[in-house]
Amino acid sequence: MRDSSLALLTKGYAWLPDRRRRSGFAPVRTRLLGKPAIVLHGPEAVPFFYDEAHVLRRSALPEPVIDTLFGRGAVHTLDGEQHRARKALFVSLLKDRARVASLARHAEEEWEGAQSEWAGREEVVLFDEMSKVLTRAVCSWAGLPGDIGRDDALADDLVAMVDGFATAGPRHWRARRARHRQEDRLGRLISTYRSPEALEGVPDGSVLTSVASHRDEDGALLHVRTAAVELLNVVRPTVAVSWFLTFGAHAMHRWPSVRERLAAGDASYALAFAQEVRRFYPFAPFLGGLAAADLRWQGEEIPAGTMVLLDVYGQNHDPELWEAPYVFSPERFVGREPGRDELIPQGGGEAGSGHRCPGEDITLALLCALGPKLARLTYDVPEQDLRIPLRRVPTRPRSGFVMSGVQA
């Protein structure tokens with residue numbers, strides 16, 4: 001069986017949907033990175049994929065992804081009790097409604113300051129500016145010293161870690177260097193904040209102190225480097241919402257009626273808009289793990305050790321699930337909460353016990369808070385390249401969405 005690694009690199013998001021179409025939508029078998037692989041698709045596949053008796057994440061993630069996006073020893077690489085103990089830290093920090101609302105307020109405050117500054121500039125690249133706004137907001141919210149969040153180099157490094165995880169070449173090496181720099185920096189911070197003297201004046205229960213003092217299932221404090229990794233795994237995904245906000249601006253530009261309705265301030269429409277941005281625009285093409293034992297799925301034999309892929313992009317555009325899936329329509333979510341395993345841009349299953357991203361609520365809260373503010377902002381969209389190349393993973397509008405004549 002031919003290895004599809006090169007085809008994946010050259011086709012990006014289109015690779016799996018194309019394979020499924022060519023197979024007549026039968027289960028796709030292939031090879032990736034030299035391993036046999038099978039593709040699972042659809043809401044009924046999600047609980048099967050997230051059952052640890054079926055699919056394991058440990059050793060499943062390629063080293064280039066660990067060394068750029070997640071970090072060594074990260075919660076994403078664990079299974080079983082180790083995973084549940086570590087995941088409890090993230091659930092306590094990222095699923096608490098008061099904490100989520102607090103982060104959204106920090107982001108709104110940073111937005112207000114930023115838009116005043118944008119008004120004095122000829123042009124603004126929204127993607128770049130949102131990464132700075134969100135870096136400042138999440139660092140302040142997490143209890144990090146003020147000089148860290150205000151360092152634009154941190155925002156650049158956080159973007160680089162996401163931007164280079166699924167590619168070879170310069171973007172990948174930038175991502176590796178960025179992670180090394182910031183793990184070193186936050187490791188030194190963690191070491192400092194493990195001394196009682198340094199904790200004076202730091203709010204109890206802040207993200208920083210929670211990570212610094214977290215003990216794993218064996219009762220031991222996290223190694224300093226691992227604690228730095230997990231602190232980055234709170235900060236980095238928050239800044240990755242820059243992708244969704246830029247996609248949101250792209251949607252408002254293409255469909256002005258969406259912008260008008262979003263600007264009106266209807267909270268239920270803002271949430272529907274946030275869900276549709278996450279469904280319509282490409283972010284993760286698929287998720288992967290390894291078969292924990294010899295399995296059987298819809299009549300297909302899956303030998304132990306087989307790479308198991310969950311088709312994220314294809315499911316979010318499946319005409320069996322979504323009417324007119326390639327039409328951007330927030331109305332499909334007005335008054336309708338998507339099923340747990342139906343809409344999976346940030347994974348499926350349960351966040352508390354499984355590998356679903358616990359930061360999903362934060363993504364929605366930030367989109368709901370900042371989407372309407374963007375819709376009410378006055379600006380022009382000059383001539384630029386707004387194409388979104390599906391070969392590039394993760395993708396975004398090529399220009400980053402340039403705005404001119406911004407008025408606060």
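- An unreviewed UniProt entry annotates the chain as Cytochrome P450 originating from Streptomyces flavovirens.
- Within the UniProt record for the chain, the comment given under Cofactor (unreviewed entry) is "heme".

### Focus on the overall build of the chain
- Scanning the chain from N- to C-terminus turns up 17 helices and ten strands.
- The C-alpha atoms of the chain give a radius of gyration of 21 Å, which matches the 22 Å a tight globule of 408 residues would have.
- Counting only C-alpha atoms, the chain reaches 60 × 55 × 40 Å along its principal axes.
- Pairs at least 24 residues apart make up 72% of the contacts formed inside the chain by residues separated by at least 6 positions.
- Working note: accessible area of the chain is about 17000 Å², and carbon and sulfur atoms make up 52% of it.
- Taking the 52 positively charged and 54 negatively charged side chains of the chain as two groups, their mean positions are separated by 5 Å.

### Focus: the packing of aromatic side chains
- What the rule picks out here adds up to 17 aromatic pairs.
- With a centroid separation of 6.2 Å and an interplanar angle of 80 degrees, the aromatic rings of Trp243 and Phe283 are classed as edge-to-face. Remark: Phe283 occurs in the loop between α15 (267-280) and β5 (286-291) and Trp243 occurs in helix α13 (residues 241-254); sequence separation between them is 40 residues. Like Trp243, the residue Phe283 is buried in the burial classification.
- Aromatic side chains Trp322 and Phe333 sit 5.7 Å apart centroid to centroid with 65 degrees between the ring planes, which places their arrangement in the edge-to-face category. With a gap of eleven residues between them, Trp322 in the loop between α16 (312-315) and α17 (360-376) and Phe333 in the loop between α16 and α17 connect regions that are remote in the sequence.
- A relative accessible area of 2% means that Trp322 is categorised as buried.
- When its relative accessible area of 4% is taken as the criterion, Phe333 is described as buried.
- An aromatic cluster of three or more residues is present, and its members are Phe247, Trp255, Phe273, Phe280, Tyr281 and Phe328.
- One residue, Arg279, lies across the ring of Trp322, its end atom 5.7 Å from the ring centre.
- The side chain of Arg396 reaches across the aromatic face of Phe127, ending 4.0 Å from its centre.

### Notes on the nonpolar core
- Ranked by internal contacts, the top residues of the largest apolar core, which has 91 residues, are Trp118, Trp141, Leu144, Leu374 and Met403.
- In terms of residue count, helix α7 (residues 126-142) provides more of this core than any other element does, ten residues in total.
- Beyond its immediate chain neighbours, meaning those up to four positions away, Leu144 contacts Cys139, Leu186, Leu189, Leu208 and Leu231.

### Section: the environment of Asp157
- With respect to the element layout, Asp157 can be found in helix α9 (residues 152-163).
- The class for Asp157 is buried, based on a relative accessible area of 7%.
- On a C-alpha basis, the gap between Asp157 and Gln182 in space is 7.6 Å, while along the polypeptide they are 25 residues apart.
- The contact partners of Asp157, leaving out residues within four places of it in the chain, are Ala178, Arg181 and Gln182.
- Polar side-chain contacts of Asp157 include one of 2.7 Å to the side chain of Arg181.
- At 2.8 Å, the side chain of Asp157 forms a polar contact with the side chain of Gln182.

### Overview of the sheet that holds strand β2 (residues 35-40)
- Read across the open sheet, the five strands follow the order β1-β2-β8-β5-β3; overall the sheet is mixed. Strand pairing shows two members of the sheet lacking a second neighbour, β1 (29-32) and β3 (55-56), which therefore form its edges.
- Relative to β2, β1 runs antiparallel, the two sharing four bridges. Bridge pairing in β2 links Arg31 to Pro36.
- Of the strands in this sheet, β1, β2, β5 and β8 (307-311) touch helix α2 (residues 15-22), which is tilted by about 150 degrees from β1.

### Some thoughts on the sheet that holds strand β10 (residues 402-407)
- With antiparallel pairing, three strands are arranged side by side in an open sheet as β4-β10-β9. Of all the strands in the sheet, the pair left with one neighbour each is β4 (123-125) and β9 (378-380). In this sheet, neighbouring strand axes are inclined to one another by 45 degrees on average, regardless of whether the strands run parallel or antiparallel.
- With three bridges joining them, β4 and β10 adopt antiparallel strand pairing. The partner of Val125 across the bridge, within β10, is Val402.
- Contacts between α7 and the sheet are confined to β4 and β10, with β4 contributing the most and set at about 65 degrees to the helix.

### Looking at the packing of helix α6 (residues 97-118) against α7
- Across the interface, α6 lies against α7 with an axial gap of 8 Å and an inter-helix angle of 135 degrees. Considering the angle they form, α6 stands oblique to α7. The interaxial crossing formed by α6 with α7 has right-handed handedness. Side by side, α6 and α7 meet where Arg99, Ser102, Leu103, His106, Ala107, Glu110, Trp111, Ala114 and Trp118 of the first sit next to Glu129, Met130, Val133, Leu134, Arg136, Ala137, Val138, Ser140 and Trp141 of the second.

### A few points about the layout of surface pockets
- As a volume, the second largest pocket reaches approximately 570 Å³.
- Lining of the second largest pocket is provided by 26 residues; of these, Lys95, Glu337, Glu360, Asp361 and Leu364 occupy positions nearest its centre.
- Elements with a contribution of two residues or more to the lining of the second largest pocket: α6, α15 and α17.
- Ranked by the residues each element gives to the lining of the second largest pocket, the list is headed by α17, at six residues.
- For the lining of the second largest pocket, the per-class residue count stands at eleven nonpolar, four polar and eleven charged.

Definitions and cut-offs
- Residues numbered from 1 in each chain as written.
- Predicted model: local features only at pLDDT ≥ 70, side-chain atom pairs only at ≥ 80, totals over all residues.
- Heavy atoms only, no water.
- UniProt positions renumbered as here; feature names shortened; annotations may be inferred.
- Helix = DSSP H or I, 4+ residues; strand = E, 2+ residues; numbered from the N terminus.
- Rg over C-alpha atoms; globule rule 2.2 N^0.38 Å.
- Contact = heavy atoms within 4.5 Å.
- Areas by Shrake-Rupley, 256 points an atom, 1.4 Å probe, with all protein chains shown as cover.
- Lys, Arg positive; Asp, Glu negative; His and termini not counted.
- Charge placed at Lys NZ, Arg CZ, Asp CG, Glu CD.
- Phe/Tyr/Trp six-rings, centres within 6.5 Å; stacked < 30°, edge-to-face > 60°.
- Buried < 20%, exposed > 50% of the residue type's maximum accessible area, 1.4 Å probe, protein only.
- Lys NZ or Arg CZ within 6 Å of the ring centre and 35° of its normal.
- Core = buried A, V, L, I, M, F, W, Y, C linked by side-chain atoms within 4.5 Å.
- Polar contact = N/O pair within 3.5 Å; in protein donor to acceptor, adjacent residues only side chain to side chain.
- Pairing = 2+ DSSP bridges.
- Axes fitted to C-alpha atoms, helices over the stretch in contact; angles between N-to-C directions.
- Parallel < 35°, antiparallel > 145°, perpendicular 65-115°, else oblique.
- Left-handed = near helix turned anticlockwise from the far one by under 90°.
- 1 Å grid on protein atoms, 1.4 Å probe; cavity = no way out; pocket = protein on both sides within 12 Å on 5 of 7 lines; lining within 4 Å.
- Points joined across faces, edges and corners; volume = space filled by probe spheres on them.
- Nonpolar A, V, L, I, M, F, W, Y, C, P; charged D, E, K, R; others polar.

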